[in-house]
Amino acid sequence: MEKIKILIADDHQVVRKGIATLLEDEPDIEIVGEAADGFDTIEKIKIYNPNIVLLDIAMPKLNGLETAEIIEKNHRLVKSLIFSMHNDEEYIIKAVESGAWGYILKDTTKDEMLNAIRTLQSGQKYFSKQVSNVILEMLQNKPRKAGGKQHSTRLTKKEKHILKLIVSGLNSREIAQKLELSIRTVDNHRAHIMKKTGVKNAVELVKLALKENLVQ
């Protein structure tokens, strides 16, 4: 079994060691390295070629959000998972816009951390429930601009509902169970939404939903 290679980026050594200790016994996970700041993280990515970087936001020299943006632009096969104490709207939205694939809080459980890591490795994004609630509240309260949005008017009611669930962090299987649909049907809706909005993947879809308020 090929292991998920993890790089841990946090400016506190105790935190890095704690995460490494928490994950090192998992049979499908390998901690390949640690980094203490954003610049160090980028250099370690070149050395260790991780699948996922567990990123703190408050790092010196280059913060986690700036680092995630560089990773998204220059290391497209590497997925950033923000691991932060901040659960306010500003940080969460900036994380999504920077290209981060997931966002979990530092008071999370081991099970949720593992779920997030494995979800990202499968090609799906992951936002913890608390983070998803902040995103959805922001979307629901964001005022619409005059004239509306072309993307929004092209989406059907069902597609908007599914998009809302995608933004909340659910994958196709979970959406299918929630709506009592087949996974294939959900995947078809997802494909139609992406085609209509002109995005290439779920991360870009979430960015667009946040930017243009596609979810009501």
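Quick note: structure is the one above.
Residues numbered from 1 in each chain as written. Predicted model: local features only at pLDDT ≥ 70, side-chain atom pairs only at ≥ 80, totals over all residues. Heavy atoms only, no water.

Caption draft 1: A look at the overall build of the protein chain. The secondary structure content of the protein chain amounts to 11 helices and six strands. The burial tally for the protein chain puts 51% of its 216 residues in the buried class. Sequence-distant contacts in the protein chain: of pairs separated by 6 or more residues, those separated by 24 or more amount to 64%. Of the roughly 11,000 Å² of accessible surface on the protein chain, 49% is carried by carbon and sulfur atoms. (Helix = DSSP H or I, 4+ residues; strand = E, 2+ residues; numbered from the N terminus. Buried < 20%, exposed > 50% of the residue type's maximum accessible area, 1.4 Å probe, protein only. Contact = heavy atoms within 4.5 Å. Areas by Shrake-Rupley, 256 points an atom, 1.4 Å probe, with all protein chains shown as cover.)

Caption draft 2: Structural view of the sheet that holds strand β4 (residues 79–84). Taken in spatial order, the six strands make up an open sheet running β2-β1-β3-β4-β5-β6, and their pairing is parallel. Of all the strands in the sheet, just β2 (29–35) and β6 (126–127) have a single pairing partner and so form its edges. Across two bridges, the pairing between strand β5 (residues 102–105) and β6 is parallel. Bridge pairing in β6 links Gly102 to Tyr126. The strands touched by helix α5 (residues 110–121) within the sheet are β1 (4–9), β2, β3 (52–55), β4, β5 and β6, with β4 carrying the most contacts at an inclination of about 160°. (Pairing = 2+ DSSP bridges. Axes fitted to C-alpha atoms, helices over the stretch in contact; angles between N-to-C directions.)

Caption draft 3: Structural view of the nonpolar core. Judged by nonpolar contacts, the single largest core of 44 residues is most densely connected at Val53, Leu55, Ile82, Tyr103 and Ile135. Leave out the neighbours within four places in its chain, and Leu55 touches Ala9, Thr41, Gly64, Thr67, Ala68, Ile71, Ser80, Leu81, Ile82 and Phe83. (Core = buried A, V, L, I, M, F, W, Y, C linked by side-chain atoms within 4.5 Å.)

Caption draft 4: Representation of the pattern of salt bridges within the structure. Scanning the model with the defined rule gives 14 salt bridges in all. Note that Asp28 and Arg118 form a salt bridge whose closest N and O atoms lie 2.8 Å from each other. With Asp28 in the loop between α1 (13–23) and β2 and Arg118 in helix α5, this residue pair connects regions lying 90 residues apart in the sequence. The closest approach of N and O atoms between Glu69 and Lys73, which form a salt bridge, is 3.5 Å. (Salt bridge = Lys/Arg side-chain N within 4 Å of Asp/Glu carboxyl O.)

Caption draft 5: Expanded view of the pairing of β2. Most of β2 is tucked away, with five of its seven residues classed as buried. In this sheet, β2 lies alongside β1 in parallel orientation, the contact comprising six bridges. Bridge pairing links Ile4 to Ile29 in β2. What joins β1 to β2 is α1, and the crossover it makes is right-handed. (Right-handed = clockwise from strand over helix to strand, strands pointing away.)

Caption draft 6: Up close: unusual backbone geometry. In the Ramachandran plot, Lys61 falls in the positive-phi region, its phi being about 70° despite a non-glycine side chain. Among the secondary structure elements, Lys61 is positioned in the loop between β3 and α3 (64–74). You can call Lys61 exposed: its relative accessible area is 64%. Of note in the backbone geometry, Glu180 takes a positive phi value of approximately 60° without being a glycine. Looking at where Glu180 falls in the secondary structure, it is placed in the loop between α9 (172–179) and α10 (183–197).

Shape descriptors only; they carry no functional weight alone.
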